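Commentary on secondary and tertiary structure
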Amino acid sequence: LKDGRRHGGILFEPEVMPTREFSIHGVVSSNETLLGEPCSLRVDEFSAPLSVERVVTPSDALRNSIVALGAQAADCLKKAGYFGPFGLDLLEVDEGTGPWLWASDLNARFTLGWSTGMGEARDRALSLLLE
């Protein structure tokens, strides 16, 4: 614990077994926030990403939850003074009371699945970055 504090902090994470992994991507500018579509991450046995694909037919509840968490992440980034691309990774975990989405990573940068997630909104998102 002493070494961790000296080197910038300690991160405690619950040990969970995700059933699926998702992400949502976006861009935050001073005038606008633009979100892409939910994506699904395919990972290897070590949870390293292998591919990112758009979620073709998510349930309304799942899509709404992913988008709401993406909007919340964008709002937090904007309040912190960040403007640019981002990606939010989410774990779906079934811990007895139904599936839950847990945020696992918020990356304030272009991410592996950013272009895939932005889809048709990609050109608009890139133009926001250049404004």
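For the structure, see preceding data.
Before going into details, it helps to say that this report is about the structure given with it. Bear in mind the structure is a predicted one, so any value in this text is a computation, not a measurement. (Residues numbered from 1 in each chain as written. Predicted model: local features only at pLDDT ≥ 70, side-chain atom pairs only at ≥ 80, totals over all residues. Heavy atoms only, no water.)

1. Comments concerning the nonpolar core
- Grouped together as the largest cluster of nonpolar side chains are 11 residues: Phe22, Ile24, Val28, Leu62, Ile66, Ala73, Ala74, Leu77, Phe86, Leu88 and Leu90.
- Broken down by secondary-structure element, the contributors of at least two residues to this core are β1 (18-28), α2 (60-79) and β5 (84-94).
- Per-element accounting of this core gives the leading share, 5 residues, to α2.
- Ranked by size, the runner-up nonpolar core spans 7 residues in total, among them Leu34, Trp114, Met118 and Ala125. (Core = buried A, V, L, I, M, F, W, Y, C linked by side-chain atoms within 4.5 Å. Buried < 20%, exposed > 50% of the residue type's maximum accessible area, 1.4 Å probe, protein only. Helix = DSSP H or I, 4+ residues; strand = E, 2+ residues; numbered from the N terminus.)

2. Topic: α2
- A rise of 1.5 Å per residue sets the reference length of α2, with its 20 residues, at 28 Å; its end C-alpha atoms lie 28 Å apart and thus fit the reference within 8%.
- For α2, the complete set of buried residues consists of Leu62, Ile66, Gly70, Ala73, Ala74 and Leu77. The arc that holds the buried residues of α2, viewed along the axis, is 105 degrees, so those residues lie on one side. Turned more than 90 degrees from where α2 packs its buried face, Asp60, Ala61 and Lys79 sit exposed.
- Structurally, α2 contributes buried residues whose contacts are with β1, β2 (33-35), β5 and β6 (99-107).
- Note on α2: the residue one or two positions beyond its end, Gly81, has a positive phi of about 90 degrees. (Expected span 1.5 Å × (residues − 1). Arc of directions from axis to C-beta. Contact = heavy atoms within 4.5 Å.)

3. Focus on the pairing of strand β4 (residues 49-54)
- Strand direction decides the pairing type here: strand β3 (residues 39-43) and β4, joined by 5 bridges, are antiparallel. When the sheet's bridge partners are listed, Ser40 is paired in β4 with Glu53.
- In textbook terms, the turn of a hairpin is the stretch between consecutive antiparallel strands, and for β3 and β4 this stretch comprises 5 residues, one of which, Ser47, has a positive phi near 70 degrees. (Pairing = 2+ DSSP bridges.)

4. Focus on the packing of aromatic side chains
- What the rule picks out here adds up to 1 aromatic pair.
- Relative to Trp114, the ring of Phe110 lies with its centre 4.9 Å away and its plane at 90 degrees, an arrangement referred to as edge-to-face.
- Of the residues examined, Phe110 reaches a relative accessible area of 45% and is grouped as partly exposed. (Phe/Tyr/Trp six-rings, centres within 6.5 Å; stacked < 30°, edge-to-face > 60°.)

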